[in-house]
Amino acid sequence: MRHTRKHLSKGLVFILIGLILLLSGCSELTVLDPKGPVAESQRDLILYSLIFLLGVVAVVFSLFIFMVVKYRDKPNRKAEYKPDLHGNRTIEIIWTIIPIMIVTSLSIPTITTLFDLEEPPESSAEQEPLVIHATTADWKWFFSYPEQGIETVNYLHIPTDRGIEFHLSSADSMTALWIPALGGQKYNMAGMENILYLQADETGVFQGRNSNFNGEGFAEQTFKVHAESSSDFQDWVESTQNSAPELTQEKYDSLLKPELVDTMAFSSTHLEWVDHGTKDGMDYSIERHRDAFAEQLELKNGQNHEHGPSGEEGEE
Amino acid sequence: MGLDEFFVTGEPLIYAGMVAITLVSGAIIFLLTYFKKWKWLWREWLTTVDHKRIGIMYILSALAMLFRAGSDALMMRTQLAFPDMNFLNAQHYNEIFTTHGTIMIFFMAMPFLIGLMNIVVPQQIGARDFAFPYLNALSFWSFFFGAMLFNVSFVIGGAPDAGWTSYTPLAGDIMSQGPGQNFYLLALQLSGIGTLATGINLMVTILKMRAPGMTLFKMPIFTWSTFITMFIIVFAFPILTIALALMTIDRIFGSHFFTLAGEGLPMMWANLFWMWGHPEVYIVILPAFGIFSEVIATFARKRLFGYTVMVWSIILIAGLSFLVWVHHFFTMGAGAFVNSIFSVTTMAIAIPTGVKIFNWLATLYKSRIRTTTAMMWALAFIPSFTIGGITGVMLGMAAADYQFHNSYFLIAHFHYVLIAGTVFGCFAGLVYWYPKMFGHKLNERIGKWAFWLFVIGFHICFLPQYFLGLDGMPRRVFHIVPEWFNLNVISTIGAFGMGLGFAVFVYNIYYSYRYSEREQTGDPWDGRTLEWATPTPVPEYNFAVVPHVKEHDAYWDMKQKGETIYDESKVEPIHMPNSTGQPFIMSAIMFFASFALVFEWIWLAVAGLVTILVTMGIRSFDYDEGRHIDVEEIKQTERSARGL
């Protein structure tokens, strides 16, 4: 009997040590190491909730260890035994009210953050956000910059310190745009449009991806986000406008075919003839590629891990 | 369609599976023939309407499914252990996580719990069987054939690959061509019939067949949790039935409920799925709460703390479970206001759940804890489930959920609640009620080995996944990148620990069957509720004399007062239902009709449907009134069982 108790406490110690070890590495985790105001507000909310919730864990674990250690049935046990004890109004009211208070304390910042996230980030309010249409088709990303008249495939350039207003939609399956370093995700759906505000405060290359499962090429539907100073961004826009080929409808239609493609850049956007965020653009892709969806990629690990070296994106 | 299209080809793992299936079925057929057991199988099991035998069949099937879906899990964890692993390709990985999730929820968790309810609930309320024993058999066989239909997909036609949530348009006829997704739809439809019927059956049983004196608020807590669960089933499952039917019509007959073409509403599937799917979570967790309450009270030798509050918190959780489904798609862009409301309702569930946790802890206060294996599972539940619960609150905070959604943080959370809640609960219940089912205990020493391997493996497997999620690892990717390597390899080691724990658990069933001491009394744990008042082996009629209930923990009360429920002078003839092969045959026909529909062989399916209607017609002209067991036979059975 004593043998198992030793096991039990050993197990608990093991779990606690594991927790501490893992928590110490937390600051390096992408979500907890934000690179922009949106991700930062979400990180703050997560850490705020953790304070309360780790408190709950501490209370429950301590009570649990106390009960199990003290009230084990063993020879020479001195602890009291009251088989008919089955209620205590005061303590029951206390442990109902405390969770209610915790939930209330968590609800208020959750709701304010939710409303904040529907607006462009405040830190760059003096500037209009940059509009980018992010459209997915199995298993690739199209980023259209309507004001700049350019479009990229599978990579994204954004200026720092300026809000980005993503218009999310999909040409076929449901997907989600997620750049963990910059903030949380929203769904891309055919026939409707979601708005997602993100912003980068630091330059750098961040990982972005589709996070919603959509079939065989799902794991490879990733892209790199190049956050750069607004002058560097302007240079990139201009060089793309000047050197990239025009996107023709024929080319676009062939790109919609469900398969993996490399990074590309164009000096015009597909929004000229179709917007998948409207009902009219909802069945555009499946009308054209109905049979292609039946074909399998036979996709193995190791193919297409990256869309080319990060410096040379857009140069097919 | 050629044979090469009919059977799945080209995958060595599946060929191995085919060989294994052929060998195992061959061995079973050989053993049944060699020992001349075919008649025994038909008479004692396939045609039985006895709730205890049906319960055992449920649990055996659930264990087999746990093995199947657990193997899926180990294959996934193997593939994710190293960044350059090429054990599974993308397509195969997608099929495996789809079947893993679907089987674990529909064909493992639910039948395991329903199996325990089958065995325990009538005995806890002092009843002799279900209200509708024939319907109970039909429920089991439709579940069983549904599970078979789903499993067949692995070698015939191809497994579904759109995830257990099967979101449209991905799961629609264009992006998931072929029979795979049809298997999902029809297998769930078929087994759903059984679940819905069980819902009504147990509800009526609990309302109408309780022993005299057992008012609702004197019912054992497991019966209460079952009762509430059945309400959730009856209100939630019709939504799934309709959603599955609409998608089936979309796929097979070309309608446009959830399609991209023809003004379909693909997102409506997610809505309908989770309007069922969230209550479903509570369908598999509330009975586990009931099991833990029983086990903790018994082995703490103490009355359950806050019984009434426990009941009301179950009712509250059940009510709230219908008001939170949108939290599965906060990221769909419903807007801040809608998300705020569902965020608050979601977090509100933590309140009654927290109260329950404190009630369990208070039950341990001033108690006398016997650390049997069943109790260990129940004790391990408390801290483990707390971690799952608080991370659930984190996921409920919609603004933060934008970062957690679709990530391994979510995966870690729901495995923490479903394994620490449902699976620990199933194991606790099985170990606890095992002597009632089979007349001997499971070996405690081996049981504790299984326990420690499984529980430690569980934490090693899933704790790192929270951190992987925070590092941006999405669910359902078939390979990892080097940054996620360390935590993934730890997680995989834990998964194999759990696998080993399960293997030891199953070995214990064999070992205990061979070597465990046979039970002499019907009350090996010094139990508190009425199921321990019946002798072991339990006679088919359960109670020779209907017990009269005066207090909570009716049997404990009787033992304190030195009363017994068996009084030979009060024995009267007992009316019992006859065995029947109809539920088995009916469900087998439904299986073939569904199979035909999977392959869109419409005329064969129609023929099957007509045959089902004919068998239902035959059933409605069935005037079998059952039989009576006479007093002498009862006395004899009781004397030998009670060693009088």
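Scoring rules and cut-offs
Every chain begins its residue count from 1, and numbering advances along the sequence as written. A letter from A marks each chain and a number from 1 marks each ligand, given out in the order of writing. Totals for whole chains, interfaces and linings use every residue, but because this is a predicted model, local features are given only for residues with pLDDT of at least 70 and side-chain atom pairs only at 80 or more, for both listing and counting. Side-chain metrics in this entry use all non-hydrogen atoms of the structure; hydrogen atoms and water are not considered. Put simply, DSSP H or I for four residues or longer makes a helix, DSSP E for two residues or longer makes a strand, and each gets a number counted from the N terminus. For every residue, the accessible area obtained with a 1.4 Å probe (protein chains only) is divided by the maximum for its type, and the residue is called buried under 20%, exposed over 50%, and partly exposed between those limits. By definition, residues are in contact when any of their heavy atoms lie within 4.5 Å. Surface accessibility follows the Shrake-Rupley procedure with a 1.4 Å probe radius. Residue values consider only the protein chains on display as shielding. UniProt positions are given in the numbering used here, feature names are shortened, and annotations may be inferred rather than shown by experiment. Side-chain atoms within 4.5 Å are what join buried Ala, Val, Leu, Ile, Met, Phe, Trp, Tyr and Cys residues into a set we call a nonpolar core. Throughout, the accessible surface (probe 1.4 Å) given up by two parts as they are put together, summed over both, is called the buried area. Note on definitions: salt bridges are taken to be side-chain nitrogens of Lys or Arg within 4 Å of carboxyl oxygens of Asp or Glu. Definition of a polar contact: a pair of N or O atoms within 3.5 Å, with one able to donate and the other able to accept a hydrogen when the atoms are protein atoms, and with sequence-neighbouring residues admitted only if both atoms are side-chain atoms. Put simply, Ala, Val, Leu, Ile, Met, Phe, Trp, Tyr, Cys and Pro go in the nonpolar bin, Asp, Glu, Lys and Arg in the charged bin, and everything else, Gly too, in the polar bin. Those domain boundaries reflect an automatic or database domain assignment. Patch building starts from residues that exceed 30% relative accessible area and form no salt bridge, then joins like charges within 9 Å and nonpolar side chains (Val, Leu, Ile, Met, Phe, Trp, Tyr) within 5 Å. Two residue types count as positive, namely Lys and Arg, and two as negative, namely Asp and Glu; His and chain ends fall outside the count. To locate a charge, take atom NZ for lysine, CZ for arginine, CG for aspartate or CD for glutamate. Criterion used throughout: strands pair if DSSP finds at least two bridges between them. Only the stretch in contact is used when fitting a helix axis, every axis being a line fitted to C-alpha atoms; angles between N-to-C directions are given from 0 to 180 degrees. Every helix has an expected span of 1.5 Å times one less than the residues it contains.

**Quick notes on the overall build of chain A**
Then comes step 1: The helix and strand tally for chain A stands at 6 helices and 11 strands.
Then comes step 2: Here chain A holds 316 residues, and the buried ones make up 52% of them.
Then comes step 3: The long-range share in chain A, meaning contacts at least 24 apart out of those at least 6 apart in sequence, stands at 70%.
Then comes step 4: As presented, chain A carries roughly 14,100 Å² of accessible surface, and 55% of it is formed by carbon and sulfur atoms.

**Structural notes on the UniProt feature "domain: Cytochrome oxidase subunit I profile" (unreviewed entry) in chain B**
Then comes step 1: The UniProt feature table records "domain: Cytochrome oxidase subunit I profile" (unreviewed entry) at residues 36-550 of chain B.
Then comes step 2: Strand forms 0% of residues 36-550 of chain B and helix 69%; the C-alpha atoms that close the span are 49 Å apart.

**Let's talk about the nonpolar core**
Then comes step 1: Counting 294 residues, the largest nonpolar core has A:F166, A:L177 and B:F424 as the members making the most contacts within it.
Then comes step 2: For A:F166, the residues in contact, after removing those within four places along its chain, are A:I132, A:A134, A:L156, A:L177, A:I179, A:N194, A:I195, A:L196 and A:L198.
Then comes step 3: Among the nonpolar cores identified, the runner-up in size contains 13 residues, and A:V153, A:A171, A:L255 and A:V261 belong to it.

**Things to note about the side chain of A:H270**
Then comes step 1: You can see A:H270 is positioned in the loop between β11 (264-266) and α6 (284-289).
Then comes step 2: Not counting chain neighbours up to four residues away, the residues in contact with A:H270 comprise A:T135, A:F142, A:S144, A:E151, A:L247, A:Y252 and A:H276.

**Observations regarding the interface of chain B and chain A**
Then comes step 1: Taken together, the contact between chain B and chain A spans 101 residues of the former and 98 residues of the latter.
Then comes step 2: Carbon and sulfur atoms make up 72% of the area that chain B and chain A hide from each other, which totals about 9,000 Å².
Then comes step 3: It is B:K366, B:Y402 and B:Q403 in chain B that bury the most area against chain A; as a group they hold 9% of the surface buried on that side.
Then comes step 4: For the pair chain B and chain A, the number of links is 2 salt bridges.
Then comes step 5: Between B:K366 and A:E80 there is a salt bridge, and its shortest N-O distance comes to 3.0 Å.
Then comes step 6: At the boundary of chain B with chain A, the tally comes to 28 residue pairs in polar contact (both at pLDDT 80 or more).
Then comes step 7: Per element, the largest residue contribution to the side of chain B that touches chain A is 9 residues, and it comes from helix α13 (residues 373-396) of chain B.
Then comes step 8: In terms of residue class, the side of chain B that touches chain A is made up of 60 nonpolar, 28 polar and 13 charged.

**Considerations on the pattern of salt bridges**
Then comes step 1: Taken as a whole, this structure holds 23 salt bridges over all chains when the rule is applied.
Then comes step 2: Of the charged contacts, one joins A:E202 and A:K35 as a salt bridge, the two residues approaching to 3.7 Å between their closest N and O atoms. With A:E202 in the loop between β8 (194-198) and β9 (204-210) and A:K35 in the loop between α1 (2-24) and α2 (37-70), this residue pair connects regions lying 167 residues apart in the sequence.
Then comes step 3: Across the salt bridge formed by B:E563 and B:K550, the nearest N and O atoms sit 3.7 Å from each other. Of this pair, B:E563 sits in the loop between α18 (554-560) and β1 (574-576) while B:K550 sits in the loop between α17 (485-515) and α18; the two residues are 13 residues apart in sequence, bridging distant segments of the chain.

**Details of the domain arrangement of chain A**
Residues and elements named next belong to chain A.
Then comes step 1: Its domain assignment divides chain A into domain 1 (30-69 + 90-118) and domain 2 (127-300).
Then comes step 2: Between domain 1 and domain 2, the C-alpha centre-to-centre distance is 35 Å.
Then comes step 3: If you look at the interface, domain 1 gives 11 residues, while domain 2 gives 14 residues.
Then comes step 4: Together, the buried faces of domain 1 and domain 2 total about 970 Å²; carbon and sulfur atoms form 56% of this surface.
Then comes step 5: When the buried surface of domain 1 facing domain 2 is broken down by residue, K35, P37 and V38 rank first, second and third, together holding 49% of it.
Then comes step 6: Linking domain 1 with domain 2 are 2 salt bridges, by the criterion used here.
Then comes step 7: Between K186 and E118 there is a salt bridge whose closest N-O contact spans 3.4 Å.
Then comes step 8: Counting across the domain 1 and domain 2 interface gives 5 residue pairs in polar contact (both at pLDDT 80 or more).
Then comes step 9: Counting residues per element, the side of domain 1 that touches domain 2 draws most heavily on α2, which supplies 4 residues.

**Remarks on the UniProt feature "domain: Cytochrome oxidase subunit II copper A binding" (unreviewed entry) in chain A**
Then comes step 1: Sequence positions flagged by UniProt for "domain: Cytochrome oxidase subunit II copper A binding" (unreviewed entry) are, in local numbering, residues 127-239 of chain A.
Then comes step 2: Span residues 127-239 of chain A is 9% helix and 53% strand, its end C-alpha atoms 23 Å apart.

**A few points about a negative patch on the surface**
Residue and element names in this part refer to chain A.
Then comes step 1: On the surface, E40, E126, D161 and D201 cluster together to form a negatively charged patch.
Then comes step 2: Here E40 is to be found in helix α2.
Then comes step 3: Residue E40 is classed as partly exposed on the basis of its relative accessible area, which comes to 36%.

**Quick notes on the sheet that holds strand β1 (residues 130-137) of chain A**
All names here are of chain A.
Then comes step 1: Strand order in the open sheet made by the 6 strands is β8-β5-β1-β2-β3-β11, with mixed pairing throughout. In the strand order of this sheet, the two ends are held by β8 and β11, each with one partner. Mean inter-strand twist for the sheet, computed between neighbouring axes without regard to direction, equals 20°.
Then comes step 2: Where β1 and strand β2 (residues 140-145) come together, 5 bridges link them in antiparallel fashion. Within β2, the position partnered with A134 by the bridge is F143.

**Here we look at the UniProt feature "transmembrane region" (unreviewed entry) in chain A**
All names here are of chain A.
Then comes step 1: In the UniProt entry, the feature "transmembrane region" (unreviewed entry) is given for residues 45-69 and 90-115.
Then comes step 2: Strand forms 0% of residues 45-69 and helix 100%; the C-alpha atoms that close the span are 36 Å apart.
Then comes step 3: End-to-end, the C-alpha atoms of residues 90-115 are 38 Å apart, and along that stretch the chain is 100% helix and 0% strand.

**Description of a nonpolar patch on the surface**
Then comes step 1: Among the surface-exposed residues, B:W603, B:V606, B:V610, B:V614 and B:I618 lie close enough to one another that they form a single nonpolar patch of about 520 Å² accessible area.
Then comes step 2: Position of B:I618 relative to the elements: it lies in helix α20 (residues 602-620).

**Description of helix α10 (residues 307-320) of chain B**
Then comes step 1: Its 14 residues give α10(B) an end-to-end C-alpha distance of 20 Å, which sits within 8% of 20 Å, the value for a rise of 1.5 Å per residue.
Then comes step 2: Packing partners of the buried residues in α10(B) comprise α8 (221-253), α9 (266-299), α11 (336-348) and α12 (350-364) of chain B.

**A few points about the environment of B:Y134**
All names here are of chain B.
Then comes step 1: By the secondary structure assignment, Y134 is in helix α6 (residues 133-152).
Then comes step 2: What makes Y134 buried here is its relative accessible area of 12%.
Then comes step 3: Along the sequence, Y134 and G522 sit 388 residues apart, while their C-alpha atoms lie 27 Å from each other.
Then comes step 4: Sequence-distant contacts of Y134, defined by excluding residues within four places in its chain, comprise V49, T580, Q582, P583, M586 and R619.
Then comes step 5: Of the polar contacts made by the side chain of Y134, one reaches the side chain of Q582; its length is 2.5 Å.

**Some details on the pairing of strand β5 (residues 164-170) of chain A**
Successive residues of a regular strand alternate their side chains across the two faces of the sheet.
All names here are of chain A.
Then comes step 1: Counting buried residues in β5 gives 7 out of 7 residues, a clear majority hidden from the surface.
Then comes step 2: Neither face of β5 is exposed, since I164, F166, L168 and S170 on one face and E165, H167 and S169 on the opposite face are all buried.
Then comes step 3: Bridge count for β1 against β5 is 7 bridges, and the pairing is parallel. When the sheet's bridge partners are listed, A134 is paired in β5 with L168.
Then comes step 4: Across 5 bridges, the pairing between β5 and β8 is antiparallel. Residue F166 lies in a different strand from β8, and its bridge partner there is L196.

**Considerations on the sheet that holds strand β6 (residues 175-179) of chain A**
All names here are of chain A.
Then comes step 1: Across the sheet, which stays open at both edges, the 5 strands sit in the order β4-β10-β9-β6-β7 with mixed pairing between neighbours. At either end of the open sheet lies a strand with only one pairing partner, and these are β4 (155-159) and β7 (183-188). Strand-to-strand twist in this sheet, taken as the mean axis angle between neighbours without regard to direction, amounts to 20°.
Then comes step 2: Relative to strand β10 (residues 222-228), β9 runs antiparallel, the two being bridged by 6 bridges. Residue pairing in the sheet places Q207 in a bridge with K224 of β10.

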